[in-house]
Amino acid sequence: MAAKKKLTLEERLVQVETLISEMESGALPLEEALKRYEEGMQALAALEKELQSAQQKLTVLRRAADGSVEEVPLEVEE
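Each chain carries its own residue numbering, running from 1 in the written order of its sequence. With pLDDT at 70 or above as the cut-off, local features in this predicted model cover only qualifying residues; side-chain atom pairs require 80 or more to be listed or tallied, and sums for whole chains, interfaces and linings still use all residues. No hydrogens and no water enter the side-chain calculation; it runs on all heavy atoms of the structure.

### Re the overall build of the protein chain
Where helices and strands are cited, they refer to DSSP runs of H or I of at least four residues and of E of at least two residues respectively, numbered from the N terminus. In terms of regular secondary structure, the protein chain is built from two helices and two strands. Secondary structure elements in the protein chain, listed N-terminal to C-terminal, are α-α-β-β. We call a residue buried when its accessible area falls under 20% of the maximum for its residue type, exposed when it is over 50%, and partly exposed in between, using a 1.4 Å probe and counting protein chains only. Counting across all 78 residues of the protein chain, residues that qualify as buried make up 12%. Two residues form a contact once any of their heavy atoms are found within 4.5 Å. When contacts within the protein chain are restricted to residue pairs at least 6 apart in sequence, those whose partners lie at least 24 apart make up 31%.

### Concerning the side chain of Arg 12
By the element assignment, Arg 12 lies in helix α1 (residues 9-25). If sequence neighbours within four positions are ignored, Arg 12 has contacts with Lys 6, Leu 7, Ala 43, Ala 46, Leu 47 and Glu 50.

### Describing the pattern of salt bridges
Any Lys or Arg side-chain nitrogen found within 4 Å of a carboxyl oxygen on Asp or Glu counts as a salt bridge. Within this structure, the stated rule accounts for three salt bridges. A salt bridge links Arg 12 to Glu 50, with the nearest nitrogen and oxygen atoms 3.8 Å apart. Here the residue Arg 12 occupies a position in helix α1, and Glu 50 occupies one in helix α2 (residues 30-57), the gap between them amounting to 38 residues. Owing to a relative accessible area of 12%, Arg 12 belongs among the buried residues under this scheme. Of the residues examined, Glu 50 reaches a relative accessible area of 28% and is grouped as partly exposed. The partner of Arg 36 in a salt bridge is Glu 32, and the shortest N-O contact between them spans 2.9 Å. Here the residue Arg 36 and the residue Glu 32 both occupy positions in helix α2, the gap between them amounting to four residues, near one helical turn.

### Some points on α1
Between the first and last residue of a helix there are one fewer steps than residues, each counted as 1.5 Å, and that sum is the expected span. An ideal rise of 1.5 Å per residue puts 24 Å on 17 residues; α1 measures up with 25 Å between its terminal C-alpha atoms. All of the buried residues in α1 are Arg 12, Val 16 and Leu 19. Around the axis of α1, the buried residues are gathered within 60 degrees of arc, so they sit on the same side. Summarising the geometry of α1, the exposed residues directed more than 90 degrees from the buried face are Glu 10, Glu 17 and Glu 24. Regarding the arc, it is the one traced by the directions from the helix axis to the C-beta atoms.

In short, shape yes, function no, at least from these values alone.
Structure (structure tokens):
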């Protein structure tokens, strides 16, 4: 079995958008729609994991009062 190519974030987004469009068209038989829904949920989970990983890597440089620069984690509003 050939190894699957790791999709980029952008490719995965296009994949999800395509799946949504196909499902919204109403032209898919039920079994195919369920299969596409499952594929979409897996792709969304992978996207979320990738975005969380990127978020953890982000840092903000902050200049302290004494002029030194320090790295601090990016604060995310939820």
